[in-house]
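Examining the three-dimensional arrangement
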Amino acid sequence: WPFFRYLAARSPAQPVCWLGWITFVASGRCARKLATREALALARVDAKVIWAVKADARATPPDLARALAWRADLIVHSRGEASFVADAGDAPRAIRIETRGADGVAIFHDGGEEHVGVEPLGVEDTTGAGDTWLGGFLAAHLVRGAALGEAARAGAMSVRALLAGRSAELRR
């Protein structure tokens, strides 16, 4: 949890609210197991809200998905979750990032699309790759101030490190 400790120690002038996997960071405080609705309601108006999409209507019913999309500054989802995000409706201020596995990442912002490619890996078990990518991306973008494309590449490098640990082919 060192990344979250860093965020918890940040200045209240740069609050961050992480919604997804039920972790909440805002105003320099981190509380686990806080419901997403409560976290969204507690987020300061000037907090940066990041919606890490998990397309499960039981966990994120349509009304909550609409509220998240409306409030989010950054929406990160997989290609398979794109329709869930589209069904959530308008996201007027959000940068939207779609992870596409071996096909890279699409970053939608300022009316355009930026594609960041990745080097495909020959691995079968990609468990944790999306969350690892997001962690690497956020560390680069929020902590180091990297541009979106550079942060996307940092996320990809994080995934490569994770998957390399599982693949004898990459260890050669």
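My aim in this report is to walk through the structure given alongside it, one point at a time. (Residues numbered from 1 in each chain as written. Predicted model: local features only at pLDDT ≥ 70, side-chain atom pairs only at ≥ 80, totals over all residues. Heavy atoms only, no water.)

Here we come to the overall build of the protein chain. Check the secondary structure of the protein chain and you find 7 helices and 8 strands. Going through the 172 residues of the protein chain one by one, you find that 40% of them count as buried. Partitioning the contacts of the protein chain with sequence separation of at least 6, the portion at a separation of at least 24 is 41%. Taken as a whole, the protein chain presents about 9,500 Å² of accessible surface, with 54% of it coming from carbon and sulfur. (Helix = DSSP H or I, 4+ residues; strand = E, 2+ residues; numbered from the N terminus. Buried < 20%, exposed > 50% of the residue type's maximum accessible area, 1.4 Å probe, protein only. Contact = heavy atoms within 4.5 Å. Areas by Shrake-Rupley, 256 points an atom, 1.4 Å probe, with all protein chains shown as cover.)

For strand β7 (residues 105-109), the buried fraction is high: 4 of the 5 residues fall into the buried class. Taken together, the 4 bridges between strand β6 (residues 95-99) and β7 define a ladder with antiparallel strand orientation. Within β7, the position partnered with T99 by the bridge is V105. A loop of 5 residues connects β6 with β7, the two strands running antiparallel in sequence, and G101 in this loop sits at a positive phi of about 60°. Both β7 and strand β8 (residues 112-116) contribute to a ladder of 5 bridges, which runs antiparallel. Each residue of the ladder has a partner; that of A106, found in β8, is H115. (Pairing = 2+ DSSP bridges.)

Moving on, we get to the packing of helix α5 (residues 129-143) against helix α6 (residues 148-164). Orientation of α5 relative to α6, taken along the N-to-C sense of each, is 135°, at an axis distance of 7 Å. Between α5 and α6, the interaxial angle falls into the category oblique. Viewed along their axes, α5 and α6 form a crossing whose handedness is right-handed. Here A129, T132, W133, G136, F137, A140 and H141 of α5 come into contact with α6, specifically with L148, A151, A152, A154, G155, A156, S158, V159 and L162. (Axes fitted to C-alpha atoms, helices over the stretch in contact; angles between N-to-C directions. Parallel < 35°, antiparallel > 145°, perpendicular 65-115°, else oblique. Left-handed = near helix turned anticlockwise from the far one by under 90°.)

It is worth spelling out the pattern of salt bridges at this point. Scanning the entire structure with this criterion turns up 9 salt bridges. Residues R96 and E98 are paired through a salt bridge, measuring 3.7 Å at the closest nitrogen-oxygen approach. The exposure class of R96 is partly exposed, given its relative accessible area of 25%. As a salt-bridge pair, R100 and E113 come within 3.8 Å of each other at their nearest N and O atoms. Of this pair, R100 sits in the loop between β6 and β7 while E113 sits in strand β8; the two residues are 13 residues apart in sequence, bridging distant segments of the chain. Connected via shared salt-bridge partners are R96, E98, R100 and E113. (Salt bridge = Lys/Arg side-chain N within 4 Å of Asp/Glu carboxyl O.)

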